[in-house]
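Descriptive analysis of the structure
Listed below are the residues making up each chain.
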Amino acid sequence: MNSALREWLNLGVRWFHVFAGIMWVGQTYYFTWLDGQFTKLEKRADSNATASRVWMVHSGGFYTVDKQKSLGVAPEHVQWFRWEALMTWVAGVILLVLVYYLGDGLIDPDVADISKQAGIAIGLASMIGGWIIYDLAARSPLGKSQAAFAGFGLVMTAAAAWGLTHVFSGRAAYIHMGAIFGSIMTLNVWMRILPAQRKMIAAAAAGEKFDASLGAQAKLRSKHNTFLAVPVVFLMLSNHYPVATYGSRYAWEIMLALMVAGWGAAKLIREF
């Protein structure tokens, strides 16, 4: 591929990736904030007729949002939020292929003398394996305890960070960790949140009582996504700061520490 064409393709896909990510993460945090406001309203002892309504002001107008426990409109009138996640992930995978799988930044012989084909296989396996391990853990009794699941997540993240930095170049290791997290977030949306929402809408449209556990599971996965989003953004930006991140002799420890800091930042954002 012509170098100029490749650079323009890289720039265009990166632009698309970042903007799609802004829309996705923005929506995720908006609905997280909104749900938190309704939770606060429901806890008020002096609740009244307007307690289930959140008032907002933006762009020259006032807006209200009501939380409904039943479907008052036809299912086709319900607004879904799904394509932003898929577009962000697809663009990210294209960038991964362009920069690392078709480029020369994947393997560092001083780290591990392996072929590029082996490196690509390891990279793809890490994304698939990351989702499988996370999903099984989230659906197990471990997922019912926030502290236990957080501890498990920390151990698995440390293991992945250490492993990736001992297989790939430092920069590729950081980006692949971001790819693992991004894949988990996207599959949460498409394989766990959306199917649960479809069942809820179908039950509501039929006038039936839907399984409350469906909403709880979808909400849990959405919560996990808010905690993954902040570290993912850090990992995306890390390739611009090699001295502070992947170029350091403590590359995987720095990666782990800043991801934990990201989780803490996400918790603070969620509580605003």
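What counts and how
Residues numbered from 1 in each chain as written. Predicted model: local features only at pLDDT ≥ 70, side-chain atom pairs only at ≥ 80, totals over all residues. Heavy atoms only, no water. Axes fitted to C-alpha atoms, helices over the stretch in contact; angles between N-to-C directions. Helix = DSSP H or I, 4+ residues; strand = E, 2+ residues; numbered from the N terminus. Parallel < 35°, antiparallel > 145°, perpendicular 65-115°, else oblique. Left-handed = near helix turned anticlockwise from the far one by under 90°. Contact = heavy atoms within 4.5 Å. Nonpolar A, V, L, I, M, F, W, Y, C, P; charged D, E, K, R; others polar. Pairing = 2+ DSSP bridges. Salt bridge = Lys/Arg side-chain N within 4 Å of Asp/Glu carboxyl O. Buried < 20%, exposed > 50% of the residue type's maximum accessible area, 1.4 Å probe, protein only. Core = buried A, V, L, I, M, F, W, Y, C linked by side-chain atoms within 4.5 Å. Expected span 1.5 Å × (residues − 1). Arc of directions from axis to C-beta. Patch = residues over 30% accessible without salt bridge, like charges linked within 9 Å, V, L, I, M, F, W, Y side chains within 5 Å. Areas by Shrake-Rupley, 256 points an atom, 1.4 Å probe, with all protein chains shown as cover. Phe/Tyr/Trp six-rings, centres within 6.5 Å; stacked < 30°, edge-to-face > 60°. pLDDT = per-residue confidence, 0-100.

**Comments concerning the packing of helix H6 (residues 212–237) against helix H7 (residues 251–270)**
Across the interface, H6 lies against H7 with an axial gap of 8 Å and an inter-helix angle of 130°. In terms of orientation, H6 and H7 fall into the oblique class. Classified by chirality, the crossing of H7 by H6 is right-handed. The segment H6 lies against H7, with Lys223, Thr226, Phe227, Val230, Pro231, Phe234 and Leu235 engaging Met255, Leu258, Met259, Gly262, Trp263, Ala265, Ala266, Lys267, Ile269 and Arg270. Among the residues forming the contact of H6 with H7, the class breakdown is 12 nonpolar, 2 polar and 3 charged.

**Some remarks on the pairing of strand S2 (residues 61–66)**
Pairing between strand S1 (residues 53–58) and S2: 6 bridges, direction antiparallel. Note that in S2 the partner of valine 57 across the bridge is phenylalanine 62. From the end of S1 to the start of S2, which pair antiparallel, there are 2 residues, and serine 59 there has a positive phi angle of about 50°.

**Some points on the pattern of salt bridges**
Under the criterion given, the structure shown has 7 salt bridges. Among the ionic pairs, aspartate 135 bridges to arginine 139, the shortest N-O distance being 3.1 Å. You can see aspartate 135 and its partner arginine 139 sitting in helix H3 (residues 116–139), 4 residues apart, about one turn around the helix. Arginine 139 gets classed as exposed once you look at its relative accessible area, which sits at 52%. Each of Asp135, Arg139, Arg192 and Arg221 takes part in salt bridges that share partners, so that together they form one network.

**Some words on the nonpolar core**
Ranked by internal contacts, the top residues of the largest apolar core, which has 47 residues, are Tyr100, Leu106, Phe168, Met177, Phe181, Leu235 and Met255. Elements that contribute at least two residues to this core include exactly helix H1 (3–43), helix H2 (83–101), H3, helix H4 (146–165), helix H5 (170–205), H6 and H7. Looking at which element gives the most residues to this core, the answer is H5, with 15 residues. Beyond its immediate stretch of four places on either side in the chain, methionine 255 contacts Ala161, Thr165, Ala173, Tyr174, Met177 and Leu235.

**Regarding H7**
When the terminal C-alpha atoms of H7 are compared, their 28 Å separation across 20 residues agrees well with the 28 Å that a helix rising 1.5 Å per residue should span. Regarding H7, the residues found buried are Ala251, Met255, Leu256, Met259, Gly262, Trp263 and Ala266. In an axial view of H7, the angular spread of the buried residues amounts to 130°, which keeps them on one side of the axis. Contacts made by the buried residues of H7 are with H1, H4, H5 and H6.

**Notes on a nonpolar patch on the surface**
The grouping of Trp15, Val18, Phe19, Ile22, Met23, Val233, Met236, Leu237 and Tyr241 at the surface amounts to a nonpolar patch, some 930 Å² of accessible area in total. Looking at the nonpolar patch, the elements that each hand over two or more residues are H1 and H6. The biggest single contributor to the nonpolar patch is H1, with 5 residues. Locating tryptophan 15 in the fold gives a position in helix H1. Under the relative-accessibility criterion, tryptophan 15 is labelled exposed at 67%.

**Quick notes on the packing of aromatic side chains**
On inspection of all chains with the given rule, the structure shows 9 aromatic pairs. Ring geometry for phenylalanine 149 against phenylalanine 152: centres 6.5 Å apart, planes inclined by 40°, an arrangement best described as tilted. Of the two residues, phenylalanine 149 and phenylalanine 152 are both situated in helix H4; the distance of 3 residues between them amounts to about one turn of the helix. Take phenylalanine 149: its relative accessible area is 13%, and that puts it in the buried class. Residue class for phenylalanine 152 comes out partly exposed when judged on its relative accessible area of 26%. Through a chain of ring-to-ring contacts, the aromatic side chains of Tyr30, Phe31, Trp33 and Phe81 assemble into a single cluster.

**Some words on unusual backbone geometry**
One non-glycine residue, serine 59, adopts positive backbone phi at about 50°. Mapped onto the elements, serine 59 comes out in the loop between S1 and S2.

**Some remarks on the environment of leucine 187**
Structurally, leucine 187 can be placed in helix H5. Apart from residues no more than four positions distant in its own chain, leucine 187 is found in contact with Trp131 and Arg192.

**With respect to the confidence of the model for the protein chain**
In the predicted model, the protein chain carries a mean pLDDT of 89, and the fraction of residues at 70 or more is 97%. Within the protein chain, H3 carries the highest mean pLDDT (97), whereas S1 carries the lowest (88).

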